[in-house]
Amino acid sequence: MEETRSRSEWQRTFRTFAEEVMAPHVRRCDEERAFPTAIHERAAAEGILNAAFPEELGGSGLSCTEFGQVIGELSAVCPGMTWTLVFNRGALHPVVAAGTPEQKELFVTRLLKDNGYAALGLTEPENGSNLLAATTRAVRTDSGWLLNGGKCMSGNGTVADVFVVLANTVVDNRKRGLSFFAVPRDSPGVTVGEDIEKAAFRCLPTPSVTFRDVALEPISLIGRAGDGEILLNELLATIRIGGAACGTGIVAAMLKDALAWVGERRVYPDDRLDTLSHVRLTLGRLYVELCAARELLERATALADRGLPFGKESSMAKYYATELAVRASNEILQLYGWRGIAADHGVEKRWRDARALTIFEGSSEIQLLNVFREMRRAATGEGGL
Ligand SMILES: Cc1cc2nc3c(=O)[nH]c(=O)nc-3n(C[C@H](O)[C@H](O)[C@H](O)COP(=O)(O)OP(=O)(O)OC[C@H]3O[C@@H](n4cnc5c(N)ncnc54)[C@H](O)[C@@H]3O)c2cc1C
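This one's a predicted model, so the numbers in the text were calculated from it and none came from an experiment. Each chain carries its own residue numbering, running from 1 in the direction its sequence is written. Note on the predicted model: pLDDT of at least 70 is required for a residue's local features to be given, and 80 or more for side-chain atom pairs to be given and counted; whole-chain, interface and lining totals, by contrast, use all residues. For the side-chain quantities, the full set of heavy atoms in the structure was used; hydrogens and water were omitted.

(A) Structural detail: unusual backbone geometry. Not every positive phi belongs to a glycine, and Asn-115 is a case in point at roughly 50 degrees. Note on placement: Asn-115 falls in the loop between helix H7 (101-113) and strand S1 (118-121). Judged by relative accessible area, Asn-115 falls into the partly exposed class, the value being 33%. Even without being a glycine, Met-153 presents a positive backbone phi close to 55 degrees. Structurally, the position occupied by Met-153 is in the loop between strand S3 (144-151) and strand S4 (162-171). Owing to a relative accessible area of 40%, Met-153 belongs among the partly exposed residues under this scheme. Each helix is a run of DSSP H or I of at least 4 residues and each strand a run of E of at least 2, with the numbering of both proceeding from the N terminus. The rule is simple: take the accessible area with a 1.4 Å probe, protein chains only, and divide by the maximum for that residue type; under 20% is buried, over 50% is exposed, in between is partly exposed.

(B) Structural context of the pairing of strand S2 (residues 137-141). When DSSP finds two or more bridges between a pair of strands, those strands are recorded as paired. Bridge count for S2 against S3 is 5 bridges, and the pairing is antiparallel. Each residue of the ladder has a partner; that of Ala-138, found in S3, is Leu-147. The antiparallel pairing of S2 with S3 creates a hairpin that spans 2 residues between the two strands.

(C) How the structure looks around the nonpolar core. Among the nonpolar cores identified, the biggest contains 99 residues, and Phe-14, Met-22, Trp-83, Leu-92, Leu-122 and Phe-180 are the most heavily contacted of them. The greatest single-element share of this core, amounting to 17 residues, is contributed by helix H8 (residues 228-264). Judged by nonpolar contacts, the second largest core, of 17 residues, contains Ala-138, Leu-147, Ala-167 and Phe-211. What is meant by a nonpolar core is a set of buried Ala, Val, Leu, Ile, Met, Phe, Trp, Tyr and Cys residues, joined one to another through side-chain atoms within 4.5 Å.

What follows is the structure, encoded as structure tokens:
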């Protein structure tokens, strides 16, 4: 990709891709729960799949603000397809942020060159919101590390070439703490399960993966052993930008379609739906809330692009945009009557996909707990609230 593409050019590129390449296949991929390999291959060829990686590693170097914008464009058409891109970047964040040049070459640059996929292994069957309690364990050996445990809901999992896994490490029988490992899929002892059936994001495979006595070379450890919590917080703040952008993308697309619908639909012979004040007030209010969600998102991405802490802001943006997406999709669906829940109007898919947003990347409750912690700190500081 040429280096000089402007922000609006990027947005146009992604919008065209979403409308021309993704849109015709959305319904089939959702119904068949099919991973859209051909679409992702084309996205890779056009520099879209890995656009958010730094240029020196083979990506197109999108800023965080641009990342948020393009995820919004793609999510308006299909969040499930979009999330392959988000998880590719999110999973490899620890390598991008803290990997050695050799690790970056091995786990990022080569993967991008081969149009490969990465998956993120944080959630365990017993530990979802409480990631610090990870029971997947890596023990140092004479030749590297021995990994045992399992993860679930690993997005991209069935197609992934590498899993980036959060594990509890025990070093010399003393130091315990979290660490990230890049685990090649073909390592002996790695078993990837079947995709699970789910109501949302159905073309994004989310299988379980188990690690049984997986022998890892020292190069697999990303960052220092036991220091994974810092990387984890950075990673979560980064992928939450995706969640927030997805929420705004879904709401914007639903509002646009709803405006056309209420402008056409006559419930009574002389009155279109958009003559009812209830309808006008609902859509007007949702637009105000969409603009507020975008402001929160831009505030978070602007901080990230300036290299400043953006954890609280990304929690606020993710919380607000995803809760809005759930509520707005529900209210808008109601305006369509039976067509709202019929498959061929596209409304019910957005409603289903929106529902998943307040659960993953840290649920709404977890985002509010993050905000509360930061708010309390700010309240006792010089600036106040
Ligand atoms: C489509 C999709 C894709 C996903 N992809 C991935 C992936 O690629 N990699 C990965 O590792 N995981 C992935 N996940 C898993 C996701 O990150 C977890 O579902 C999420 O972190 C919540 O964990 P849990 O489902 O185990 O819920 P639990 O932790 O069991 O929580 C259950 C409920 O309790 C609430 N709760 C928890 N703690 C508190 C508290 N202190 N106060 C108040 N309420 C609380 C939660 O908000 C939630 O409502 C994905 C999930 C989905 C839906």
